[in-house]
Number of protein chains: 2
Amino acid sequence: MIDHIRDGAEIYRRSFATIRAEADLAALPADLEPVAVRMIHSCGMVDLVADLAYTPDLVEAARTALAGGAPVLCDAQMIASGITRRRLPAANEVLCTLSDPRVPGLAQRLGTTRSAAAVDLWADRLAGAVVAIGNAPTALFRLLELLAAGARPPAAIIGVPVGFVGAVESKVELIGRAPAPYLVVRGRRGGSAMAVAAVNALASEVE
Amino acid sequence: MIDHIRDGAEIYRRSFATIRAEADLAALPADLEPVAVRMIHSCGMVDLVADLAYTPDLVEAARTALAGGAPVLCDAQMIASGITRRRLPAANEVLCTLSDPRVPGLAQRLGTTRSAAAVDLWADRLAGAVVAIGNAPTALFRLLELLAAGARPPAAIIGVPVGFVGAVESKVELIGRAPAPYLVVRGRRGGSAMAVAAVNALASEVE
């Protein structure tokens, strides 16, 4: 047997205590603090907090929407897979349209990626939803285009696409336009695990 | 319309070119280079390469196993969800046992986490498999315990658990014991997306 902590609850407690000891969380709105802690927990990097950008109403907007039964719209199946269903307050639908059979044809017609085309299929569910984009910058760009064209906005946007082409720019665009309350990790960092952590923290205050 | 690159293939090309321009990949074995590139792509951090630890036979061992039909054993459903099935060379089974109904009881009897107990359920599939641990340090610790107790080893271990309690230590233990060819991200960083990226790169040489 290898000596290590085997108690899951104790692992969470010590992890969150370490994050709170090391991360500079003082400047965050009080209700965003546990969300930031969980996002840091998902990636192992306490300096993530320096790259957070957000509107002050993000947490309240997302929590109110989820309590009211809003769906969670995800750009990647990994995000949908990672969201802990029992944390959701209203058995909320968690939807990823990327594997919808209409997506490849739609992407071709729009001249864009499948991730972006999949956002078009959110149409009738977008108003008041909680959006979690953790993978594709093109999905976030497409969301911003649809909103600029008059689509009714979601309640909250978790905008943490990752990578080297479009990630930085799409998040700058989200911050600049602010079409809805948002939470962003500026820069190249992001990803499905961070998006999942944010949604799981917004879904329930239980740590 | 917002000006940005909408061609998925071109986004991949530019992303991988940026990574190769910025990351210090020269010291890696040639066959590990595309695996490192894809892992960097998954997290947006070119400095990840400094934390890679591996045995020189990792890529060949994993590719040979996958070509021979080996299953991929994952510690988190997000990893199983993220692996691109069409990249797998032999329609390989992708297995996560975490939601198996026997897991909660087994975890209680063993006095450990559900993630660790789920590893016990890999038993009859472990020999020659490709293991991808991207979430729970306790899963990696448990794998090392089972191997020390005489379980037949997997063909390759992707060991990238993330976090603040046990992640560093479990990866140090894997490197020290080296019970099979391995690929590790030392330190706190890791996660499901990195594990997925590694498996997807090992599954196919197509970029």
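Residues numbered from 1 in each chain as written. Chains lettered and ligands numbered in written order. Predicted model: local features only at pLDDT ≥ 70, side-chain atom pairs only at ≥ 80, totals over all residues. Heavy atoms only, no water.

Per an unreviewed UniProt entry, the recorded name for chain A is Precorrin-8X methylmutase, and the organism is Goodfellowiella coeruleoviolacea. According to the UniProt record, the Sequence similarities (unreviewed entry) comment for chain A is "Belongs to the CobH/CbiC family." The UniProt entry for chain A carries the following comment under Pathway (unreviewed entry): "Cofactor biosynthesis; adenosylcobalamin biosynthesis." (UniProt positions renumbered as here; feature names shortened; annotations may be inferred.)

Novice: Tell me what's going on with the relation of the copies chain A and chain B, and back it up with residues and numbers.
Specialist: Relative to chain B, chain A is turned by 180° and slid 0.0 Å along the rotation axis, the superposed coordinates differing by an RMSD of 0.0 Å. In the structure described here, the two chain copies are related by an operation that fits a two-fold rotation axis. When each C-alpha of chain A is compared by its distance to the rotation axis, Met78(A) comes out closest, at 2.5 Å. Most of the interface of chain A is mirrored in chain B, where 100% of its interface residues again form contacts. (Least-squares fit on C-alpha atoms with pLDDT ≥ 70 in both. Contact = heavy atoms within 4.5 Å.)

Novice: Summarise helix H10 (residues 192–203) of chain B; cite the residues concerned and give the values.
Specialist: Residues and elements named next belong to chain B. The end-to-end C-alpha distance of H10 is 16 Å, a good match for the 16 Å that 12 residues give at a rise of 1.5 Å each. The element H10 is extensively covered by neighbouring structure, given that 11 of its 12 residues are classed as buried. Of all the positions in H10, only Ser192, Met194, Ala195, Val196, Ala197, Ala198, Val199, Asn200, Ala201, Leu202 and Ala203 are classed as buried. (Helix = DSSP H or I, 4+ residues; strand = E, 2+ residues; numbered from the N terminus. Expected span 1.5 Å × (residues − 1). Buried < 20%, exposed > 50% of the residue type's maximum accessible area, 1.4 Å probe, protein only.)

Novice: I'd like to hear about the sheet that holds strand S1 (residues 52–54) of chain B, residue by residue, with values.
Specialist: Residues and elements named next belong to chain B. Ordered by their spatial adjacency, 6 strands build an open sheet running S1-S6-S5-S4-S2-S3, and the pairing between neighbours is mixed. Each end of this open sheet is capped by a strand with a single partner; those strands are S1 and strand S3 (94–96). Direction aside, the axes of adjacent strands within the sheet are offset by 15° on average. Pairing of S1 with strand S6 (residues 182–185) involves 3 bridges; the strand directions are antiparallel. Bridging from a neighbouring strand, leucine 52 pairs with valine 185 of S6. In the packing of helix H9 (residues 167–177) onto the sheet, contacts are made with S1, strand S5 (156–159) and S6, and the angle to S6 comes to roughly 150°. Most of the contacts of H10 go to S5, to which it runs at about 145°, and overall it touches strand S2 (72–74), strand S4 (130–133), S5 and S6. (Pairing = 2+ DSSP bridges. Axes fitted to C-alpha atoms, helices over the stretch in contact; angles between N-to-C directions.)

Novice: Describe the nonpolar core, with residues and values.
Specialist: Counting residues in hydrophobic clusters, the biggest one holds 116 residues, and the most contacted among them are Val35(A), Met39(A), Leu183(A), Val35(B), Met39(B) and Leu183(B). For Met39(A), the contacting residues outside a window of four places in its chain are Leu48(A), Leu52(A), Val160(A), Leu183(A), Val185(A), Met194(A), Ala197(A) and Ala198(A). (Core = buried A, V, L, I, M, F, W, Y, C linked by side-chain atoms within 4.5 Å.)

Novice: Please set out the UniProt feature "domain: Cobalamin biosynthesis precorrin-8X methylmutase CobH/CbiC" (unreviewed entry) in chain A residue by residue, giving values where relevant.
Specialist: Per the UniProt entry, the sites bearing "domain: Cobalamin biosynthesis precorrin-8X methylmutase CobH/CbiC" (unreviewed entry) are residues 10–204 of chain A in this numbering. Span residues 10–204 of chain A is 48% helix and 11% strand, its end C-alpha atoms 19 Å apart.

Novice: Give me the lowdown on the environment of Arg189(B), citing residues and values where you can.
Specialist: Summarising the element assignment, Arg189(B) is placed in the loop between S6 and H10. For Arg189(B), a relative accessible area of 10% gives the class buried. In this view, Arg189(B) contacts Cys43(A), Met45(A), Met45(B), Asp47(B), Leu48(B), Asp51(B), Pro161(B), Val162(B), Lys171(B) and Met194(B); residues no more than four positions away in its chain are not counted. Here the side chain of Arg189(B) touches Asp47(B) through a polar contact of 2.9 Å, side chain to side chain. Reaching out from Arg189(B), the side chain makes a polar contact with the side chain of Asp51(B) at a distance of 3.0 Å. (Polar contact = N/O pair within 3.5 Å; in protein donor to acceptor, adjacent residues only side chain to side chain.)

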